[in-house]
Amino acid sequence: MNNLKRIGILTGGGDCPGLNAVIRSIAKPAMTYFGATVIGIQDGFEGLVEGRMRELTPKDIGGIVNVGGTILGTSNKGDPFHFPVETPQGVEVLDYSQHAIRNYKDWELNCLVAIGGDGTMHIVDKFTDMGLHFIGVPKTIDNDLSATDVTFGYDSAVTVATEAIDRLHTTASAHHRVMVVEVMGRYAGWIALGAGLAGGADAILIPEIPFSWNKLYEHVLKRSKQGSRFSIICVAEGAKPAEGDIVVREQDKKRTDPIRLGGIGELVGEKIMEATGLETRITVLGHLQRGGSPTPYDRILATKFGSKALELAWQGKYGHMVSLRGTEVISVPVKEAILKLRTVPPNSQLVLAAKAVGTSFGD
Ligand code: F6P
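Because the structure is a prediction, the values reported are computed rather than measured.

**Digging into the sheet that holds strand β9 (residues 203–205)**
So, point 1. Strands sit in the order β9-β10-β8-β13 across an open sheet of four strands; the sheet is parallel. Each of the sheet's edge strands pairs with one partner strand only, and the pair in question is β9 and β13 (280–284). Mean inter-strand twist for the sheet, computed between neighbouring axes without regard to direction, equals 15°.
So, point 2. As paired strands, strand β8 (residues 178–183) and strand β10 (residues 231–236) are joined by six bridges and run parallel to one another. When the sheet's bridge partners are listed, M179 is paired in β10 with I232.
So, point 3. Helix α7 (residues 213–225) rests against β8, β9 and β10 of the sheet, and its axis sits at about 155° to β10.

Right under this line is the structure:
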């Protein structure tokens, strides 16, 4: 049995629907059953380094299960081990982990629950090695963490992207156009695959299956010759041609992952129009996929994750991350969770099912 009098919570990295449901499912029982004080750290690890926090009240955590974003704020620029600092010479990236440790100790935390993606879990692992009591909760729309079957946020993102494809279908068919839709996902094609399959996209391009330009043109032209007067192409932001590279929108060394992807949708649209002569339009869904209310699936998963995280804190299973295996929420050592990213196996059932219904992956 652990002393759980002061529990910290932070949300790190890009936001996703379901974060507030996790915060609620940790804080409510912590306050009600343990009489604990719950410290909300602001803007992720940035707030831990800079000493920004506030004590959460029951009012803060009421009525938020259905609210997107995070009541705590988040940041993808505050890695304490690579902390960006403005100096007269420009931005310098320095190790500020001791600032974070000092605040953790000054706030007398018994445990800190960090809700985040891959970058956050790497930081959790380092602090665990330094003796701090961290618990990890995986989140990301990208669904790219190998130690859990699903992350919350993914279902909400796929729901938005599927609805977008449904809407693009009607206008594509009315104007006999090729519609390219670029979705997020970083280096994994889960969102493109999920939404492309659910939305009946004619081609899905994902990072795990580099595509051939010619095969893509042929697929679109073949559809057109067979009388289908429109095509929908769902492109993951990390997709790349077999002879080419990913398209990077920007590099920013302040970010935990300095690379910001984006632009492949534009390139695919332009090249299709040029090579086939078919009228083409491009839609980039961007942050619409991260905004708004979580789906019921994500609210439920997030609530199960939060309550398991509190159980781990109670058991003193620090350095562990909650994880979904089948239908059970279990825990895994964070060290194992960060070993590799979970990408789409090119021969997975989902890919084969999509191919079976005539979807091209450009391979
Ligand atoms: O990891 C979540 C994610 O939305 C990725 O899919 C995307 O590449 C990235 O974050 C975008 O980051 P930002 O919010 O900095 O634009």
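**Concerning the nonpolar core**
So, point 1. Counting residues in each nonpolar core, the largest one holds 67 residues, and the members touching the most others are V113, I115, V137 and F152.
So, point 2. Once residues lying within four places of it in the same chain are set aside, the contact partners of I115 are I9, L10, T11, G12, L19, V22, I23, T120, V137, K139 and F152.

**Things to note about the packing of helix α6 (residues 190–199) against helix α11 (residues 349–356)**
So, point 1. For the pair α6 and α11, interaxial distance at closest approach is 11 Å and the crossing angle is 40°. Taken as axis vectors, α6 and α11 run oblique relative to one another. Note on packing geometry: the crossing formed by α6 with α11 is left-handed. Of the residues in α11, those touching α6 at W190, L193 and L197 are L350, V351 and A354.
So, point 2. The residue makeup of the contact of α6 with α11, split by class, is six nonpolar, no polar and no charged.

**Some points on a nonpolar patch on the surface**
So, point 1. Taken together, the side chains of L197, L350 and V357 make up a nonpolar region of the molecular surface, amounting to roughly 250 Å² of accessible area.
So, point 2. Note that V357 resides in the segment after α11.
So, point 3. Given the relative accessible area of 65%, V357 is considered exposed.

**Focus on the packing of helix α1 (residues 19–34) against helix α9 (residues 296–315)**
So, point 1. Their axes nearest at 7 Å, the elements α1 and α9 cross at an angle of 45°. Considering their axes alone, α1 and α9 lie oblique with respect to each other. Remark: the crossing between α1 and α9 carries right-handed chirality. For the pair α1 and α9, contact is made by A21, V22, R24, S25, I26, P29, A30 and F34 and by R299, A302, T303, G306, S307, A309, L310 and W314, respectively.
So, point 2. Considering only residue class, the contact of α1 with α9 consists of 10 nonpolar, four polar and two charged.

**A closer look at the site of the ligand**
So, point 1. Surveying the vicinity of the ligand reveals the residues N76, I141, D142, M184, G185, R186, E237, R255, R260, H287 and R290.
So, point 2. Measuring from an oxygen atom of the ligand, one finds a side-chain N or O atom of D142 at 2.6 Å.
So, point 3. Here an oxygen atom of the ligand and a side-chain polar atom of R290 are 2.8 Å apart.
So, point 4. A total of 390 Å² of accessible area belongs to the ligand in isolation, and the protein chains cover 85% of it.
So, point 5. Of the pockets mapped on this structure, the ligand occupies the largest pocket.
So, point 6. Tallied by class, the residues present in the shell around the ligand amount to two nonpolar, three polar and six charged.
So, point 7. Here the shell around the ligand gathers at least three residues from each of two domains, domain 1 (6–152 + 292–337) and domain 2 (156–290 + 345–356).

**Here's the deal with the layout of surface pockets**
So, point 1. In this model, the largest pocket occupies a volume close to 990 Å³.
So, point 2. Forming the boundary of the largest pocket are 45 residues, of which G14, N76, R186, R255 and D257 lie nearest the centre.
So, point 3. Put simply, the parts of the chain that give the lining of the largest pocket at least two residues each are α4 (118–129), β8 and β12 (259–261).
So, point 4. Among the elements that line the lining of the largest pocket, the one with the most residues is α4, at six residues.
So, point 5. Residues of the lining of the largest pocket, tallied by class, amount to 10 nonpolar, 18 polar and 17 charged.
So, point 6. Mapped onto the domain boundaries, the lining of the largest pocket takes at least three residues apiece from domain 1 (6–152 + 292–337) and domain 2 (156–290 + 345–356).

**As for helix α5 (residues 154–175)**
So, point 1. Counted at 1.5 Å a residue, the expected span for α5 with its 22 residues is 32 Å, and the 31 Å between its end C-alpha atoms agrees.
So, point 2. Y154, S156, A157, V158, A161, T162, A164, I165, L168 and A172 are the residues of α5 that are buried.

**Brief notes about the packing of aromatic side chains**
So, point 1. Taken as a whole, this structure holds 10 aromatic pairs when the rule is applied.
So, point 2. Ring geometry for F83 versus Y96: centroids 5.3 Å apart, planes at 10°, classification stacked. With F83 in strand β4 (residues 83–87) and Y96 in the loop between β5 (90–94) and α3 (97–106), this pair connects stretches of sequence that are 13 residues apart.
So, point 3. The rings of F45, F81, Y104, F127 and F134 are connected pair by pair, giving a single aromatic cluster.
So, point 4. Over the ring of F230 we find R223, and its NZ or CZ is 5.6 Å from the ring centre.
So, point 5. The ring centre of W213 lies 4.9 Å from the NZ or CZ of K271, which sits over that ring.

Analysis parameters
Residues numbered from 1 in each chain as written. Predicted model: local features only at pLDDT ≥ 70, side-chain atom pairs only at ≥ 80, totals over all residues. Heavy atoms only, no water. Pairing = 2+ DSSP bridges. Helix = DSSP H or I, 4+ residues; strand = E, 2+ residues; numbered from the N terminus. Axes fitted to C-alpha atoms, helices over the stretch in contact; angles between N-to-C directions. Contact = heavy atoms within 4.5 Å. Core = buried A, V, L, I, M, F, W, Y, C linked by side-chain atoms within 4.5 Å. Buried < 20%, exposed > 50% of the residue type's maximum accessible area, 1.4 Å probe, protein only. Parallel < 35°, antiparallel > 145°, perpendicular 65-115°, else oblique. Left-handed = near helix turned anticlockwise from the far one by under 90°. Nonpolar A, V, L, I, M, F, W, Y, C, P; charged D, E, K, R; others polar. Patch = residues over 30% accessible without salt bridge, like charges linked within 9 Å, V, L, I, M, F, W, Y side chains within 5 Å. Areas by Shrake-Rupley, 256 points an atom, 1.4 Å probe, with all protein chains shown as cover. Salt bridge = Lys/Arg side-chain N within 4 Å of Asp/Glu carboxyl O. Near = heavy atom within 4 Å. Polar contact = N/O pair within 3.5 Å; in protein donor to acceptor, adjacent residues only side chain to side chain. 1 Å grid on protein atoms, 1.4 Å probe; cavity = no way out; pocket = protein on both sides within 12 Å on 5 of 7 lines; lining within 4 Å. Sits in = over half its atoms within 2 Å of the grid points. Domains from an automatic or database assignment. Points joined across faces, edges and corners; volume = space filled by probe spheres on them. Expected span 1.5 Å × (residues − 1). Phe/Tyr/Trp six-rings, centres within 6.5 Å; stacked < 30°, edge-to-face > 60°. Lys NZ or Arg CZ within 6 Å of the ring centre and 35° of its normal.

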